[in-house]
Amino acid sequence: MNTGVPFFDQLVLHLDGSHPGPMNMALDQAWLEHGDAPVLRVYGWDQPTVTIGYAQNLAKLQEGLPDWPVVRRWTGGGVVLHGADFTYSVIVPGSHPWSETPAVESYRLIHGSLAEALCAQGHSGCRLAQPEDLVEGPFCFVAPALHDVIRGRVKVAGAGQRRGKLGFLHQGSIQQVSVTSDFWQKWAQSLAHEVRIITEAPQEVLDRSEELVMKRFSLPQWLAERDDLLA
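Residues numbered from 1 in each chain as written. Predicted model: local features only at pLDDT ≥ 70, side-chain atom pairs only at ≥ 80, totals over all residues. Heavy atoms only, no water.

Q: Explanation requested: the side chain of Asp 148 in the structure shown.
A: Structurally, Asp 148 is set in the loop between strand E7 (126-128) and strand E8 (149-151). Separated by 2.7 Å, the side chains of Asp 148 and Lys 155 make a polar contact. (Helix = DSSP H or I, 4+ residues; strand = E, 2+ residues; numbered from the N terminus. Polar contact = N/O pair within 3.5 Å; in protein donor to acceptor, adjacent residues only side chain to side chain.)

If you want it as structure tokens, here you go:
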């Protein structure tokens, strides 16, 4: 799992509220574009919501989805049902050395640290999925991928990532187990030497989020075909 050594010198812990799906996706992208330090954003949903991975085909999935709002993520991965889960994002700007961590390794390290934090909260037996644990399928929490967090045969945490010159975005969900309100601060303190807690994003992140909702994440063509109105 994790080595016990913090990944970051400084980390912003954004204890956000609940938002509609398009705004949640927009806030993560806006943080990636405008953040100058790693961010752990913890957030909820204003109603039960489905997110689908960036590369998934909505038409092929539609029959199997509940009658909930659906939004396409900017990250990969499978279908995730949100509502009773606990959601977070780790956002690392391109200016930070950790943004160059290879995809598989960053996934392993983040989930290794998360598994340790879950074990420390009493969810014993949480570990990283190995090749023999893997299952294929379009629905994230019935199909463990390499280095997802599992407990016995049950997947309890998975994520999708997006990487590029801006840095990387890791969008994660915890399901099948509960975490207490102090869980996120304790986990953040294991990720960084210094943690700064905020409850509202900077104005430039909020402004960009509003634009991204209108020009990308709320658009039918983004949901169906990944088309948007961004320049």
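That covers the picture; the talk isn't over yet.
Q: Where do I start with a negative patch on the surface in this structure?
A: Taken together, Asp 36, Glu 204, Asp 207 and Glu 210 make up a surface patch of like negative charges. Locating Glu 204 in the fold gives a position in helix H5 (residues 203-217). (Patch = residues over 30% accessible without salt bridge, like charges linked within 9 Å, V, L, I, M, F, W, Y side chains within 5 Å. Areas by Shrake-Rupley, 256 points an atom, 1.4 Å probe, with all protein chains shown as cover. Salt bridge = Lys/Arg side-chain N within 4 Å of Asp/Glu carboxyl O. Lys, Arg positive; Asp, Glu negative; His and termini not counted. Charge placed at Lys NZ, Arg CZ, Asp CG, Glu CD.)

Q: Looking at this structure, how should I read helix H1 (residues 21-34)?
A: Counting along an α-helix, one turn takes 3.6 residues, and residues three or four places apart therefore face a common direction. In a regular helix each residue adds 1.5 Å, so 14 residues correspond to 20 Å; H1 covers 20 Å between its end C-alpha atoms and thus fits that length. Counting buried residues along H1, eleven of its 14 residues qualify, which places the element largely inside the surrounding structure. All buried positions along H1 are accounted for by Gly 21, Met 23, Asn 24, Met 25, Ala 26, Leu 27, Asp 28, Gln 29, Ala 30, Trp 31 and Leu 32. (Expected span 1.5 Å × (residues − 1). Buried < 20%, exposed > 50% of the residue type's maximum accessible area, 1.4 Å probe, protein only.)

Q: How do you make sense of the pattern of salt bridges when you look at a structure like this?
A: Pairing between side chains of opposite charge can happen when the charged atoms of each approach one another. A complete count under the given rule lists eleven salt bridges for this structure. With its nearest N and O atoms 3.1 Å apart, the salt bridge here joins Asp 16 to Arg 41. Placement of the pair is Asp 16 in strand E1 (residues 8-19) and Arg 41 in strand E2 (residues 39-45), with a sequence separation of 25 residues. In this structure Asp 16 comes out as buried when scored by relative accessible area, which is 18%. Residue Arg 41 is classed as buried on the basis of its relative accessible area, which comes to 0%. In this structure, Asp 133 engages Arg 127 in a salt bridge whose closest nitrogen and oxygen atoms are separated by 3.0 Å. Accessibility expressed as a relative area gives 31% for Arg 127, which makes it partly exposed. When salt bridges that share partners are traced, they join Glu 33, Arg 208, Glu 211 and Lys 215 into one network.

Q: What exactly am I supposed to notice about the packing of aromatic side chains here?
A: In this structure the tally under the stated criterion is eleven aromatic pairs. Note on Phe 8 and Trp 98: the rings are 5.3 Å apart at their centroids and 70° apart in plane angle, and the pair reads as edge-to-face. With Phe 8 in strand E1 and Trp 98 in the loop between strand E6 (86-93) and helix H3 (103-120), the pair connects residues that are 90 residues apart, well separated along the chain. Residue class for Trp 98 comes out buried when judged on its relative accessible area of 11%. (Phe/Tyr/Trp six-rings, centres within 6.5 Å; stacked < 30°, edge-to-face > 60°.)

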